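Here is how the chains run, residue by residue.
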Amino acid sequence: MEIIVLLILLATGYFFGQLAEKKHFKSIIKREKAHLHFPVVTMRTPPAITQHELNAELVAGNAVISIDFFKKFVASLKMLFGGRVTQYESLLDRARREALLRMKEQAALKNAFVVMNARVETASISKNSKRRNSVGAIEVLAYGTAISLGKKIQR
Amino acid sequence: MLLTNLEQVPGKKIVQHFGLVQGNTIRAKHVGKDFLAGLKNIFGGELGAYTELLAESRQEATDRMIQQAISMGANAIVNVRYSTSSVAQGAAELYAYGTAVKVDL
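We now turn to the structure provided with this report. Everything numeric in this text was worked out from a predicted model, so none of it was measured.

**So, the interface of chain A and chain B**
Taken together, the contact pairs 38 residues of chain A with 27 residues of chain B. Sort the elements by how many residues they give to the side of chain A that touches chain B and strand 1 (residues 52-66) of chain A lands first, with ten residues. Of the residues assigned to the side of chain A that touches chain B, the class counts are 19 nonpolar, ten polar and nine charged.

**Points about the packing of helix 1 (residues 2-34) of chain A against helix 2 (residues 69-81) of chain A**
Residues and elements named next belong to chain A. Two elements in contact, helix 1 and helix 2, have axes whose closest approach is 6 Å; the angle formed by their N-to-C orientations is 110°. For the element pair helix 1 / helix 2, the angle class is roughly perpendicular. Side by side, helix 1 and helix 2 meet where Leu9, Leu10, Gly13, Tyr14 and Gly17 of the first sit next to Phe69, Phe70, Lys71 and Phe73 of the second. Broken down by class, the residue content of the contact of helix 1 with helix 2 amounts to six nonpolar, two polar and one charged.

**Here we look at the pairing of strand 5 (residues 91-103) of chain B**
All names here are of chain B. The pairing of strand 2 (residues 14-28) with strand 5 spans 13 bridges and is classified as antiparallel. Among the inter-strand pairings, Gly19 is bridged to a residue of strand 5, identified as Ala100. In terms of strand pairing, strand 4 (residues 76-88) meets strand 5 through ten bridges, oriented antiparallel. Bridge pairing links Ser86 to Ala92 in strand 5.

**Thoughts on the environment of Thr4 of chain B**
With respect to the helices and strands, Thr4 of chain B occurs in the loop between strand 1 (2-3) and strand 2. Once the C-alpha coordinates of Thr4 of chain B and Ile66 of chain B are considered, the two residues, 62 residues apart in sequence, prove to be 12 Å apart. Excluding residues that lie within four positions of it along the chain, Thr4 of chain B makes contacts with Ala56, Leu58 and Thr145 of chain A together with Val9, Val78 and Val80 of chain B.

Parameters and conventions
- Residues numbered from 1 in each chain as written.
- Chains lettered and ligands numbered in written order.
- Predicted model: local features only at pLDDT ≥ 70, side-chain atom pairs only at ≥ 80, totals over all residues.
- Contact = placed C-beta atoms within 7 Å.
- Helix = DSSP H or I, 4+ residues; strand = E, 2+ residues; numbered from the N terminus.
- Nonpolar A, V, L, I, M, F, W, Y, C, P; charged D, E, K, R; others polar.
- Axes fitted to C-alpha atoms, helices over the stretch in contact; angles between N-to-C directions.
- Parallel < 35°, antiparallel > 145°, perpendicular 65-115°, else oblique.
- Pairing = 2+ DSSP bridges.

By themselves, these figures tell us nothing about what the structure is for.
In C-alpha cells, the structure reads:
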C-alpha cells in the first residue's frame, strides 16, 4: 500500500515538476532576452557622468521556489553516492535567474540604465520539521542600486 | 530617504556620518499557507505566498531601519545590506542594516 502511494507521489511529482520547470525556463529565457540590453554589474563606483545628475535607488527581487517530490527522491538517492546533484542545480538556477529578472524589471520601471553593486543571497526554507536538513524550498534575494539619469547640469 | 548599497550617493557629497542603523523582523509561517506549501512540495514550482510574505517582511525591516535613520537626522542610508537567518523551526529573521549619513541635496 505504501509503495503504491509512493509511486503515485513520484509520478505526480515527475509530471507536474517537469511541466512547471519547462514552463518556468521558457518564461525566464523569454524575459532574459527582452532585458539583454540592461546591464547588471557588481562594481561599486558610479559611472563618471558629468552632464547629468544621477539618481540612485535600491531595487530588489526575490523568489521562493520549491522542489518537487520526484527530484527530491532522486536527489536523496544521489546523496548516498555523492557527485553532482543536477536536481538541485536546476532548482537554484531557476530561483537565481528569476530573482535577478525581477530586480531588473523593477529597475527598468524606474527608468534606470544600470544596476550597480548587485548582490545575490540564498536562504533555504526547510519545510519538514522531522528531517531538519531536508531542502524543501529555497529563497533567493537579488538586490542592487539602480542608477538613472536626473536633470541636466547647467554650466 | 535615499537608500543605496553603494558606498556613496552618486553625485552628492556626504557631509555627516551617523553610524550603523538597522531594522529586523521575525516572521513565522501561516498554518494554512504552510499546508498549501506542503502540497507544492510534491508538485514543485514557485511558492507565491512565501515570495510575497518575505518581500513584505523585508520591506518592514527596511522601514524600521529608515525610522531609526530619520530619528538620527539622516537623509540617506548607504551600503545597505540584507541578510536572512532562521532562528527557530518555521520562523525566519529578516535583517537590514546600513550606514546613516547626511548628504548635500
